[in-house]
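Fold and geometry: a report
Here's the letter readout for the chains.
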Amino acid sequence: MFRWTLHGDGRTIAPDAIVLPEQRLAWPLTIGIGAQHVVAMFGATFLVPLLTGFPPSTTLLFSGIGTLLFLTITRNTVPSYLGSSFAFIAPITASTAAESMGAALGGVMITGVLLALLGLLVTRIGTRWIGALMPPVVMGSIVALIGFNLAPTAYENFQQSAVTATITLGAVVLCTALFTGLLGRVSVLLGVLVGYIAAVLRGEVDFTPVAEAAWFGLPEFHHPEFHLGLLPMFLPVVVVLLAENVGHVTSVGLMTGRNLDHMVGRTLASDGLATALSAGFGGSPTTTYGENIGVMSATRVYSTAAYWVAGVVAIGLSLSPKVGAAIFTVPPGVLGGVTFVLYGLIGIVGVRMWVDGRVDFSRPKNQFTAGVALVVGIADVTWTFDGITLTGIALGTVSALVIYHAMNLLGPAPGTEVTAPEPTELGASDAAH
């Protein structure tokens, strides 16, 4: 587990070479790259507890622990950092409003357990069945509607301080357009910093909680409560996490020149266990992070040793209540500006899955699958029966699955649907989290 081979002299990388997962550079350089991974994940990871009300220090703690768990289960073959997942924001927000934070944590924990079980299933039988059940038009529709379903939440924050929100949004866009490399990858974090400074100058930030917080101490812990009636809101998230993990494994495999498809089951199980563990103590759910893919692409260093460093650093930061208090001082205006970008990007990831999967929208089954699912999700159609509430995300997911497979089954008989098969490749951008 902890025996990495030194790459060359440990200090230089040839222009055409990469540092493989089982290799490392000299420890000072490895520590520096690990610190870059912390910076890359930090902006998005702390936004999830801000948006959901979960304690940020607890999220950081289990983000680090989850990363170390992931590396252990995947035997240091798949470099990855597990940061906070944006896919859970909608069901967490709805569950907290309907019941409590504990109820939301219960939904997250059950979802994590289900994802871990799915990982064990994939380990046994492979991923081909997933493509048949959820071809690109279905999976893309589900991912897209989760992002677009959050639009009203973003606008609510935006309205609380439109000037600060606009400054934040503009800063994120400009940083993305102007910067390359690592700075480009952390454009969201840079935009938040610019918006935060603007909020301070406008008198929208209260530093009293930061001054009162201790420098060192344990994070704030909460425990889950289980309300099965809320579970349907969380189940569609499994599809997103599945797509993110497959996309992450595929990306790492392409960059390292290896076929890592056999590791998909382990990554799913690891992500599920990390999510369930985090929810057990009040932390945010986890997922593999595209920001850290960007760091690896820029540095050409895929060493898992750097991720062990990043995990340990995250755990260390979580033991300072002052850090958590500082994160919670970010005002609604800043959140409103940045979530206009982030929620939109989640939706666009789904659209990108249609493009990558070469979905033919001249086919009625694809038109109806995507069209109905998106409208149900964006309108947040809600159906309550026998104490069970199905929200727009759950109903949109059911709509996509039922409409696609029904039209696929019935269409060829009367000749209303062509019978040529469509692509069933899996894949997604980690930008969804």
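1. A short note on the overall build of the protein chain
Across its full length, the protein chain carries 19 helices and six strands. Its C-alpha radius of gyration of 21 Å places the protein chain within 12% of the 22 Å reference for a compact globule of 433 residues. Overall size of the protein chain, expressed as C-alpha extent along the three principal axes, is 65 × 50 × 40 Å. Scored against the burial criterion, the 433 residues of the protein chain give a buried share of 57%. Excluding contacts between residues fewer than 6 apart, the proportion of contacts in the protein chain whose partners are at least 24 apart in sequence is 82%. Roughly 17500 Å² of accessible area belongs to the protein chain as shown, and the carbon and sulfur atoms make up 67% of that amount. Seen as two clouds, the 16 positive and the 22 negative side-chain charges of the protein chain have centres 14 Å apart.

2. Topic: the nonpolar core
If you look at the biggest cluster of nonpolar residues, it comprises 101 residues, and the most contacted ones within it are M41, F46, L47, F86, M139, L242 and Y343. Other than its neighbours up to four places away in sequence, L242 contacts L118, I130, M134, M139 and L268. Within the second largest apolar cluster, five residues are counted, among which are L25, I33, V301 and A306.

3. Section: the environment of G112
Here G112 shows up in helix α4 (residues 101–125). Counting along the chain gives 59 residues from G112 to A171, while the straight-line C-alpha distance between them is 35 Å. Residues contacting G112, with those up to four places away along its chain left out, are G272, L273, T275 and A276.

4. Remarks on helix α18 (residues 364–379)
Taking 1.5 Å of rise per residue, 16 residues should cover 22 Å, and α18 covers 22 Å from first to last C-alpha, within 8% of that figure. All buried positions along α18 are accounted for by K365, N366, T369, A370, A373, L374, V376 and G377. The arc that holds every buried residue of α18, seen down its axis, measures 165°, which confines them to one face. Relative to its buried face, α18 has exposed residues pointing more than 90 degrees away, namely V375 and A379. Where α18 is buried, its residues contact α6 (136–149), α17 (332–356) and α19 (392–410). Where α18 ends, the next residue or the one after it, D380, has phi of about 55°, a positive value.

5. A word on helix α12 (residues 237–256)
Between its terminal C-alpha atoms α12 stretches 29 Å, which fits the 28 Å expected from 20 residues at 1.5 Å a residue. Burial runs high along α12: 16 of the 20 residues are buried. Where α12 terminates, the next one or two residues include G257, which has phi positive at roughly 70°.

6. Some details on the packing of aromatic side chains
According to the stated counting rule, one finds seven aromatic pairs in the structure shown. Judged by centre distance (5.8 Å) and plane angle (65°), the ring pair of F221 and F281 falls under edge-to-face. Taken together, the residues F221 in the loop between α11 (208–212) and α12 and F281 in the loop between α13 (264–279) and β4 (286–288) connect sequence positions 60 residues apart. A relative accessible area of 35% means that F221 is categorised as partly exposed. Classification of F281 as partly exposed rests on a relative accessible area of 32%. Each member of the aromatic cluster is reached from another via a ring pair, and the members are F62, F221 and F281. Against the face of W215 rests K322, its NZ or CZ located 5.0 Å from the ring centre.

7. Examining the confidence of the model for the protein chain
For the protein chain, per-residue confidence averages 82 on the pLDDT scale, and residues scoring 70 or more make up 90% of the total. Mean pLDDT across the secondary structure elements of the protein chain bottoms out at helix α9 (residues 181–185), with 60, and peaks at α13, with 93. Contacts of residues 428–432 to residues separated by more than four positions or lying in other chains number 20 contacts, the stretch itself having pLDDT below 50.

8. Focus: the environment of G377
Along the chain, G377 falls in helix α18. Residue class for G377 comes out buried when judged on its relative accessible area of 0%. Sequence-wise, G377 and L105 are 272 residues apart; in three dimensions their C-alpha atoms are separated by 23 Å. Apart from residues no more than four positions distant in its own chain, G377 is found in contact with L145, N149 and G392.

9. Some points on the environment of I146
Its place among the elements puts I146 in helix α6. Among the residues examined, I146 registers a relative accessible area of 0% and is labelled buried. Once residues within four sequence positions are removed from consideration, I146 is found in contact with A87, P236, V240 and I393.

Conventions adopted
- Residues numbered from 1 in each chain as written.
- Predicted model: local features only at pLDDT ≥ 70, side-chain atom pairs only at ≥ 80, totals over all residues.
- Heavy atoms only, no water.
- Helix = DSSP H or I, 4+ residues; strand = E, 2+ residues; numbered from the N terminus.
- Rg over C-alpha atoms; globule rule 2.2 N^0.38 Å.
- Buried < 20%, exposed > 50% of the residue type's maximum accessible area, 1.4 Å probe, protein only.
- Contact = heavy atoms within 4.5 Å.
- Areas by Shrake-Rupley, 256 points an atom, 1.4 Å probe, with all protein chains shown as cover.
- Lys, Arg positive; Asp, Glu negative; His and termini not counted.
- Charge placed at Lys NZ, Arg CZ, Asp CG, Glu CD.
- Core = buried A, V, L, I, M, F, W, Y, C linked by side-chain atoms within 4.5 Å.
- Expected span 1.5 Å × (residues − 1).
- Arc of directions from axis to C-beta.
- Phe/Tyr/Trp six-rings, centres within 6.5 Å; stacked < 30°, edge-to-face > 60°.
- Lys NZ or Arg CZ within 6 Å of the ring centre and 35° of its normal.
- pLDDT = per-residue confidence, 0-100.

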